[in-house]
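# Coordinates in review
Take a look at the letters that make up each chain.
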Amino acid sequence: MERETILEMKDISKSFGVVKALKEVKLELAKGEVHALMGENGAGKSTLVKVLTGIHRKDSGQVIYDGKEVEYKTPKESQDAGISVVHQELNMMNHLTVAQNIFIGRESVKAKVFTDDRAINAKTIELFKMFNMDVNPREKVGNLTVGKQQMVEIIKAVSMDAKVVIFDEPTASLTEKEIDELFKIIEDLRSKGIAIVYISHRMDEIFKITDKITIMRDGEYIGQVNTNETTKDELINMMVGRVVYEDPKQEAEVDENAEVVLSVKNLRSPHVKDVSFDLRKGEILGFSGLMGAGRTEVARLIFGADPKESGEIYINGEKASISKPQDAVDNGIGYLSEDRKQFGIVTGMSVADNVVQPSLKNYVKNLIIDDKRIHEVSEKYVGDLKVKTSSTRQLLRNLSGGNQQKVVIAKWLEHNSDILIFDEPTRGIDVGAKSEIYSLMNELAKEGKSIIMISSELTEILRMSDRIVVMCEGRKVKELPIEEATQEKILHYATARIGGDTLE
Amino acid sequence: MNDNNGLKQTFGNVIGSQKFIAVLALIAIYIFFAISSEAFRSTDTLVSIFDASYYIGFLAIGVTFVIITGGIDLSIGTVMMCSAIIGGVFYQMGLPMWLVLIAIISIGGLFGLVNGVLVARFKLPSFIATLGTMMIAQGLGSIVSNVQSVTFPLRGTEDGFYKNIFRLENNFPIGIIVLGLFAVLAAIVLNKTKIGRYIFSIGSNREATRLSGVNVNQWETIAYVISGIFAGIAGIAYAATYTTILPGEGAGFELDAIAGVVIGGTSLSGGIGTIFGTVIGVFIMSVLKVGLPYIDLQPHYQLFITGIVLIIAVYFDVRRRKKL
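Residues numbered from 1 in each chain as written. Chains lettered and ligands numbered in written order. Predicted model: local features only at pLDDT ≥ 70, side-chain atom pairs only at ≥ 80, totals over all residues. Heavy atoms only, no water.

An unreviewed UniProt entry annotates chain A as D-xylose ABC transporter ATP-binding protein originating from Virgibacillus indicus.

As structure tokens, this is what we get:
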């Protein structure tokens, strides 16, 4: 079939102050094509999308859409022209209903004045039928699971009669089933001649559904390849300029008889059902499972962030009473949240201030904070952990995701935490920085720190863990030694439901 | 199946909602005063409760729109007084009364427009922007009236007809019906029109609303204009009730109104709120105001108790937000 170009972006440049975010980038998109846009975080993918949709204005370059040169000034203009976006962050109005969210800005109106919710509810039900969604259109969006919210957002974008649909990392919070549904939606769009831009870090998805791939690095266009003519290694090479291997760990690197530092017995809460496990000194214990399996909830219970209904926690063989995060911190537990910006760091404070946050009392002399010593100590961590920052006085918001994560690690190390809970340690962190975080975690384990690692990426689980706990619907369904673990096995247990298939 | 669920849910929401608690509280407070004091049970008392509710009620209905966007409007109290006082000066200059009434509402709307532009277009924090216009309105009223009080036409004079909007010749408190009509109108705008939909949407998630292609600046500005217009209407209600307007007053009324809004279940963080709740909240305030002297508690006790009521209401709000 003849390729028919619908959108062409040529020589797009965009600066924010002195920072050049885009340097003469190009993107060419044909009707009925699924086109992946790849690159590390900070490569400029999202900026390119924002230039296209009128959120940012380009400094120079040309956008040709449907045969005409265009420049959109607001998201509404681009949306009206048929370009719709599923944004990376959830963009929902939690207090409005599902239907009200989908039709925001496009309400049905009676008598020219009155909004007609009955009409949009009916339209929503029609849409949901097409996409096999079973959600009440009158439900408040805030009451849905994150995955369902994402599906609502996707259906909203698709429902706009778009000629171009842009998906910015749509699968981050979806379950396997929902991802399958999304891929069906994308296939359906493709067959209707709609062009799709698909931004994702997940290689398997890229190879499964895309036709072409445009690669960006550091705000520059690197190249465009046909998906069926390339390999994962080639793509990673283009993205980072070097090859990163993602091999699974072969065998546990911790002795079976190593002492147990953390023992959790019969932990219960509304979302956690009777979870027990041991963590050994120097071990990396992987927690795998689908979204909503209760992994983060377990971590939050151990850390005292949520109240537990019952269950006991033993640290170094002694029963610990943990009812609030402070108790956990005093017991040497450090928690690295999956949502760094909200729970892990203070973006408006300096590197040094973040590093000493939990141990500030050690740096107070006669009620005065000893700033000099704080910076000396932070300096040491910046060196040890190879944090890329101009100085320890730099505000954390100016650091990349990977470097922010290193500062969180430094913070718990400074507090002498022996048990570290990493919740999605590499979420939103680019490929290069990922492997640095991995080697840092391995070093920590070697030095005798014990690590619980929650991860949704199976490759990450297999690469890092000495032992793997698989959870499903709040229960621990299986404990796998790394020697026996495979992606298929983990998935099998992660999808094992009570009352459904028997487990073994 | 869905309907059944929906119904159950609605029922649960009603029982658990702050609106429902507020209605119960209003009834309980009223019954408490009625039992404690025989004098409280008279129709005269009821009429004075209504009288005390008019201007605060209009202020509160208007500011509900702004609070649902996640903003605040501190200027409504002094804007109410400023527009009334300027209207009074216009009247003394010989303007016909009907035009004076329109002018009062327009001045309120203009202040609202200024607030809206400052907040939506120039991105000033609403607290600061409206604190500024609050002072400006207070000062402007004194400047225009030359620090003199203004007197509106008395009942029975040719231009006294405006008083009949709130109380008929036979003393029937028709104002409660007028307030009710405006409340219904406001509720329709809030729940059944695009204005209301976008006001809720902005309060729930401003950026997401913008990215959905909605002109958020425009709709946010409209919320402040509505608040200003209602401040103007409140100015008319105030003039009709008290006839004489002193310059330099009005500060503090906005807090009474905002307290009423919050007691009625509107969330200060935006996205949640009802006009019905606001009206109930206002009545709780005015029953307290009128009722406390009947049990021999002086006005300073009213402040004390209103403060406690307000804190309890905000506590409910915080607890509810945690749940969502």
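Across its full length, chain A carries 17 helices and 24 strands. Against the globule reference of 23 Å for 504 residues, chain A gives a C-alpha radius of gyration of 24 Å, in line with a compact fold. Dimensions of chain A, computed from the C-alpha atoms along their principal axes, are close to 70 × 55 × 50 Å. Sorting the 504 residues of chain A into buried and exposed places 54% on the buried side. When contacts within chain A are restricted to residue pairs at least 6 apart in sequence, long-range pairs at least 24 apart make up 65% of them. A total of about 22900 Å² of accessible surface is found on chain A, and carbon and sulfur atoms cover 47% of it. Between the mean site of the 70 positive side-chain charges and the mean site of the 82 negative ones, chain A shows a separation of 4 Å. (Helix = DSSP H or I, 4+ residues; strand = E, 2+ residues; numbered from the N terminus. Rg over C-alpha atoms; globule rule 2.2 N^0.38 Å. Buried < 20%, exposed > 50% of the residue type's maximum accessible area, 1.4 Å probe, protein only. Contact = heavy atoms within 4.5 Å. Areas by Shrake-Rupley, 256 points an atom, 1.4 Å probe, with all protein chains shown as cover. Lys, Arg positive; Asp, Glu negative; His and termini not counted. Charge placed at Lys NZ, Arg CZ, Asp CG, Glu CD.)

All names here are of chain B. By the secondary structure assignment, D256 is in helix α11 (residues 253–263). Relative accessible area serves as the criterion here: at 23%, D256 is assigned to the partly exposed category. In this structure, D256 is in contact with I56, M285 and K289, ignoring residues within four places of it in sequence.

A word on the interface of chain A and chain B. Reports often express the size of an interface as the amount of accessible area lost when the parts come together. Between chain A and chain B, the contact holds 27 residues from the first and 26 residues from the second. Overall, the association of chain A and chain B removes approximately 2300 Å² of surface from exposure, summing both partners, and the carbon and sulfur fraction of that is 53%. Summed over the three residues of chain A that lose the most area to chain B, namely M93, H95 and T115 of chain A, the buried surface amounts to 24% of that side. Where chain A meets chain B, there are 1 salt bridge. Put simply, D117 of chain A and R197 of chain B hold a salt bridge, and the shortest N to O gap is 2.8 Å. (Buried area = accessible area lost by both parts, 1.4 Å probe. Salt bridge = Lys/Arg side-chain N within 4 Å of Asp/Glu carboxyl O.)

Turning next to a nonpolar patch on the surface. Taken together, the side chains of L110, L113, V117, F122 and L124 of chain B define a hydrophobic patch exposed on the protein surface, amounting to about 430 Å² of accessible area. Residue placement: L124 of chain B occurs in the loop between α5 (97–121) and α6 (126–145). (Patch = residues over 30% accessible without salt bridge, like charges linked within 9 Å, V, L, I, M, F, W, Y side chains within 5 Å.)

Here we take up the side chain of H415 of chain A. All names here are of chain A. Here H415 shows up in the loop between α14 (401–414) and β21 (419–423). Taking the relative accessible area as the measure of exposure, H415 reaches 16% and is therefore buried. In this structure, H415 is in contact with V329, P358 and S359, ignoring residues within four places of it in sequence.

Once that is clear, we can look at empty space enclosed by the protein. For the coordinates displayed, the defined rule picks out 5 cavities of 30 Å³ or more. Within this model, the largest cavity holds a volume of roughly 200 Å³. Lining the largest cavity are 17 residues, and of these Q79, V85 and H87 of chain A together with L211 and S212 of chain B lie nearest its centre. Put simply, the parts of the chain that give the lining of the largest cavity at least two residues each are α2 (75–80), β6 (83–86) and α5 (146–158) of chain A together with α9 (206–211) of chain B. Here the lining of the largest cavity is built from residues that sort into 8 nonpolar, 7 polar and 2 charged. (1 Å grid on protein atoms, 1.4 Å probe; cavity = no way out; pocket = protein on both sides within 12 Å on 5 of 7 lines; lining within 4 Å. Points joined across faces, edges and corners; volume = space filled by probe spheres on them. Nonpolar A, V, L, I, M, F, W, Y, C, P; charged D, E, K, R; others polar.)

Residues and elements named next belong to chain B. Overall, the coordinates contain 21 aromatic pairs over all chains when judged by the stated rule. Seen in terms of ring centroids, F40 and Y294 are 5.5 Å apart; in terms of plane orientation they differ by 85°. Their pairing is edge-to-face. With a gap of 254 residues between them, F40 in the loop between α2 (18–36) and α3 (43–68) and Y294 in the loop between α12 (275–291) and α13 (299–323) connect regions that are remote in the sequence. Among the residues examined, Y294 registers a relative accessible area of 30% and is labelled partly exposed. Seen in terms of ring centroids, F58 and F166 are 6.3 Å apart; in terms of plane orientation they differ by 80°. Their pairing is edge-to-face. Taken together, the residues span a long stretch of sequence, with F58 in helix α3 and F166 in the loop between β1 (150–151) and α7 (175–192) at a distance of 108 residues. Here F166 falls in the buried class, since its relative accessible area comes to 4%. Taken together through their ring pairs, the aromatic side chains of Y30, F32, F33, F40 and Y294 make up a single cluster. (Phe/Tyr/Trp six-rings, centres within 6.5 Å; stacked < 30°, edge-to-face > 60°.)

Within the element layout of this structure, R197 of chain B appears in helix α8 (residues 194–204). R197 of chain B has contacts with L96, Q100, I104, E107, T115, D117 and I120 of chain A together with L190 and N191 of chain B, leaving out every residue within four places of it along the chain.

Before going further, it helps to examine the pairing of strand β22 (residues 450–454) of chain A. All names here are of chain A. With 5 of 5 residues buried, β22 is to be regarded as a mostly interior element. In this sheet, β22 lies alongside strand β15 (residues 284–288) in parallel orientation, the contact comprising 4 bridges. Its bridge partner lying in β22, F287 is registered against I454. Bridge analysis of β21 against β22 gives 5 bridges, and the strand direction is parallel. Its bridge partner lying in β22, I421 is registered against I452. A crossover links β21 with its parallel partner β22, the connecting element being helix α15 (residues 431–446), and its sense is right-handed. (Pairing = 2+ DSSP bridges. Right-handed = clockwise from strand over helix to strand, strands pointing away.)

All names here are of chain A. One can read the domain layout of chain A as domain 1 (5–240), domain 2 (245–332 + 418–504) and domain 3 (349–417). Relative to domain 3, the C-alpha centre of domain 2 lies at a distance of 26 Å. Across the boundary between the two partners, domain 2 contributes 16 residues, which contact 13 residues of domain 3. Both faces combined, the contact of domain 2 with domain 3 buries some 1200 Å², and carbon together with sulfur accounts for 70% of it. Broken down residue by residue, the surface that domain 2 buries against domain 3 is led by V329, E436 and L440, which jointly contribute 35%. Here domain 2 is connected to domain 3 by 1 salt bridge. Between K406 and E436 there is a salt bridge; the shortest N-O distance is 2.4 Å. (Domains from an automatic or database assignment.)

Counting residues in hydrophobic clusters, the biggest one holds 94 residues, and the most contacted among them are F58, F152 and I245 of chain B. The element contributing the most residues to this core is α3 of chain B, with 15 residues. With residues up to four places along the chain from it excluded, the contact list for I245 of chain B reads M81, A84, I85, S149, V150, F152, Y238 and A239 of chain B. In this structure, L285, L301, Y438 and I451 of chain A belong to the second largest nonpolar core, which totals 77 residues. (Core = buried A, V, L, I, M, F, W, Y, C linked by side-chain atoms within 4.5 Å.)

The next point concerns the sheet that holds strand β14 (residues 272–280) of chain A. Residues and elements named next belong to chain A. Strand order in the open sheet made by the 4 strands is β14-β13-β16-β17, with antiparallel pairing throughout. Pairing within the sheet leaves two strands with one partner each, and these edge strands are β14 and β17 (318–320). Taken pair by pair, the neighbouring strands of this sheet meet at an average axis angle of 20°, ignoring direction. Across the sheet, helix α9 (residues 295–302) lies against β13 (260–269), β14 and β16 (310–315), angled at about 110° from β13, the strand it touches most. (Axes fitted to C-alpha atoms, helices over the stretch in contact; angles between N-to-C directions.)

Once that is clear, we can look at the sheet that holds strand β18 (residues 333–336) of chain A. Residue and element names in this part refer to chain A. Spatially, β18-β21-β22-β15-β23-β24 is the arrangement adopted by the 6 strands of the open sheet, whose pairing is mixed. A strand with exactly one partner marks an edge of an open sheet, and here the two such strands are β18 and β24 (475–481). Strand after strand, the sheet turns through a mean of 20° between neighbouring axes, direction not considered. Along the sheet face, α14 touches β18 and β21 and points at about 170° away from the line of β18. In the packing of helix α17 (residues 487–494) onto the sheet, the strands contacted are β15, β23 (467–472) and β24, and the crossing angle to β23 comes to about 35°.

Residues and elements named next belong to chain B. Remark: α3 packs on helix α10 (residues 216–242), axes separated minimally by 7 Å, with the N-to-C direction vectors making an angle of 175°. Considering the angle they form, α3 stands roughly antiparallel to α10. Only A223, Y224, I226, S227, F230, A231, I233, A234, A237, Y238, T241 and Y242 of α10 make contact with α3, whose side of the interface consists of D51, Y54, Y55, F58, L59, I61, G62, V63, F65 and V66. Here the residues of the contact of α3 with α10 are counted per class, giving 18 nonpolar, 3 polar and 1 charged. (Parallel < 35°, antiparallel > 145°, perpendicular 65-115°, else oblique.)

Moving on, we come to a negative patch on the surface. A cluster of acidic residues, E251, D255, E256, E483 and E484 of chain A, forms a negative patch on the protein surface. By the secondary structure assignment, E484 of chain A is in the loop between β24 and α17.

Next up on the list: the environment of Y438 of chain A. All names here are of chain A. Of note, Y438 is situated in helix α15. For Y438, a relative accessible area of 5% puts it in the buried group. The contacts of Y438, once residues within four sequence positions are left out, are T426, E460, R463 and M464.

Okay, the confidence of the model for chain A next. Residue and element names in this part refer to chain A. Mean pLDDT over chain A works out to 87, with 95% of the residues at or above the 70 mark. Here helix α11 (residues 340–344) is the element of chain A with the lowest mean pLDDT, 73, and β22 is the one with the highest, 95. For residues 498–504, every residue scores under 50 in pLDDT, and the model assigns this stretch 8 contacts once sequence neighbours within four places are set aside. (pLDDT = per-residue confidence, 0-100.)

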